Amino acid sequence: MNKKILITGGAGFIGSHVLHLMVPKYPDYQFVNLDALTYAGNLENLKAIEHLPNYQFVKGDITDADFINNLFEKEAFDGVIHLAAESHVDRSILSPMDFIFTNIVGTVNLLNAAKKTWSGQFEGKRFYLVSTDEVYGTLGKTGLFTEETPYDPRSPYSASKASADHLVRAYWHTYHMPVILSNCSNNYGSYQFPEKLLPLAINNIKHNKTIPIYGDGKYTRDWLWVKDHAEAIDLIYHEGKTAETYNIGGHNEWQNIDLIHLLCEIMDEKLDRPKGSSAKLITFVKDRAGHDRRYAIDASKIKRELGWQPSLQFAEGLRKTVDWYLDNEQWLENVTSGNYKSYYNQQYAERT
Ligand code: NAD
Ligand code: DAU
C-alpha cells in the first residue's frame, strides 16, 4: 500500500529510532522527516537510512503555521506521527516558553494543516501524537498509571505535553479527526542527547567528572529500551484503534541511585577501571524543582489489545547502551561541543 507519512522530530532520539525501524520495513511508503534541528536534533542519527529512496528530510519549524500549511498542501500526507517536542524537564524549568510554542502551538499547527488538507475525507488517514507518562503527574510508593489515570502535570514540560494531548483529543471530538495517542515511560538507548540522566552519567564517568544525583536519589522511573518504544509506535500506528490512548512502559522501575550504581559497575568493567571507581563520582546535588517522585506504567492494554511487550531485559539493554556510547565517541564529542557546555554550566554550576 502506498502511503506518505510525516514523521516530526525524526532527527531526535526516539524519532530517529522510529525512522530506523519503519523506513526499511515499509519500502512502499514515503517518509518525510520534518525537523527544526534544534540542539536535540542531529542528522548524524540518520546516516544508516538517509540514502533510502523512500526517505526525505525537510528542515522546518512546526511553530511556523504558513510553512506547515504549505508542506501539507504540497505533500498530501496520509498520516502523521508527531514526535517533535522540547523534551527535557530541566530546560522547561529554565525556559518554559519554548515548550509552550513547540509542544502546544506546534501541535495545533499540525492538527490544523491536517484538518485543512484532509477536509473531512478521513478514510485511511491518521494523526498520531507520541506523548509521555509525565502527564499523569506523580505516584506514591504503590500504584501504576493506567489510561484512565486523571491528568495532573506538574512541570512546564509535562503541562505542555498534557495540553497537546487534550488538543489532539479535542480534534477527534469536535472535527472527527482520526487521532491516536500513546503515553510512554522513560526511554534509554543510543542517540539520546546527554542532558538526560543515563547518557549524561555515561559521558561524565568516561571523563572522570562527577555524576549529579538530584535530591536524595530515591526518585523512581520506569525504563524502556527505545527500540521497544519504536516497535510499539509502529504497531499503534498500524493496528491501534482510532481515538484510543495506549500506555507504554518497561515494567522496569529503578530508583535513580540504584540505577546509577548499576551503571557504575558496568562502566568500571567496560573501562577496565578498579571496582568502585565510578561510584566515587556520585555527587548528590540540589533537587529539581517540583521533582515528580515516581512514574510507573500499567502497559496491560497494549499487551492485551495489540500483543506488544518489551523485548529486552534491562541488564542487557543497559550494557548495549553503554557499549554504544563508548563505541561512538565522535557522536558524543560532536553533540557535547558548542552550546552543550553553556547549558551544562548553567544547569549544574549552582547545584553543587
Ligand atoms: P528529543 O529532544 O531527542 O528530540 C526532539 C526532536 O524534535 C529534535 O530532533 C528536535 O530538533 C525536534 N524539534 C524540537 N522543536 C521543534 C520544532 N519547533 N519544529 C520541528 N522540530 C522540532 O526528544 P525525544 O526524547 O526523542 O522525544 C520525542 C517525543 O517523545 C517527544 O514528544 C517526547 O515528549 C516524547 N517522549 C519522550 C520520552 C523519553 O524518554 N525521551 C518518553 C516518552 C515520550
Ligand atoms: O517519563 C518520560 C519522560 O522521561 C519523557 O517525557 C521526557 O522527555 C524525558 O526527558 C524523561 O524525563 P525525566 O525527567 O524522567 O528524565 P531525565 O533523564 O531528565 O531524569 C531522569 C531522573 O533522573 C529524574 O528523576 C531526574 C534525575 N536526574 C536527572 C539528571 C539529568 C538526576 O538525578 N540528575 C541529572 O543530572
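Residues numbered from 1 in each chain as written. Chains lettered and ligands numbered in written order. Predicted model: local features only at pLDDT ≥ 70, side-chain atom pairs only at ≥ 80, totals over all residues. Heavy atoms only, no water.

**Structural notes on the packing of helix α6 (residues 197-206) against helix α8 (residues 256-270)**
Then, in step 1: Direction vectors running N to C along α6 and α8 enclose 40 degrees, while the axes themselves pass 11 Å from each other. Looking at the two axes, α6 sits oblique to α8. Handedness of the crossing formed by α6 with α8: right-handed. Together, Leu 197, Leu 198, Ala 201, Ile 202, Ile 205 and Lys 206 of α6 and Asn 256, Leu 259, Ile 260, Leu 263, Cys 264 and Met 267 of α8 make up the contact between the two elements.
Then, in step 2: Class assignment for the residues of the contact of α6 with α8 results in 10 nonpolar, one polar and one charged. (Axes fitted to C-alpha atoms, helices over the stretch in contact; angles between N-to-C directions. Helix = DSSP H or I, 4+ residues; strand = E, 2+ residues; numbered from the N terminus. Parallel < 35°, antiparallel > 145°, perpendicular 65-115°, else oblique. Left-handed = near helix turned anticlockwise from the far one by under 90°. Contact = heavy atoms within 4.5 Å. Nonpolar A, V, L, I, M, F, W, Y, C, P; charged D, E, K, R; others polar.)

**Some details on the pairing of strand β5 (residues 126-132)**
Then, in step 1: For β5, a buried count of seven out of seven residues is recorded, marking the element as mostly surrounded by other parts of the structure.
Then, in step 2: Alternating positions in β5 separate into two faces, Arg 126, Tyr 128, Val 130 and Thr 132 on one and Phe 127, Leu 129 and Ser 131 on the other, with burial throughout.
Then, in step 3: In this structure, strand β4 (residues 79-82) lies alongside β5, joined through four bridges in parallel fashion. Within β5, the residue paired with His 82 across the bridge is Leu 129.
Then, in step 4: As defined by bridge partners, β5 adjoins strand β6 (residues 179-184) across six bridges and the pair is classed as parallel. When the sheet's bridge partners are listed, Val 130 is paired in β6 with Ser 182. (Buried < 20%, exposed > 50% of the residue type's maximum accessible area, 1.4 Å probe, protein only. Pairing = 2+ DSSP bridges.)

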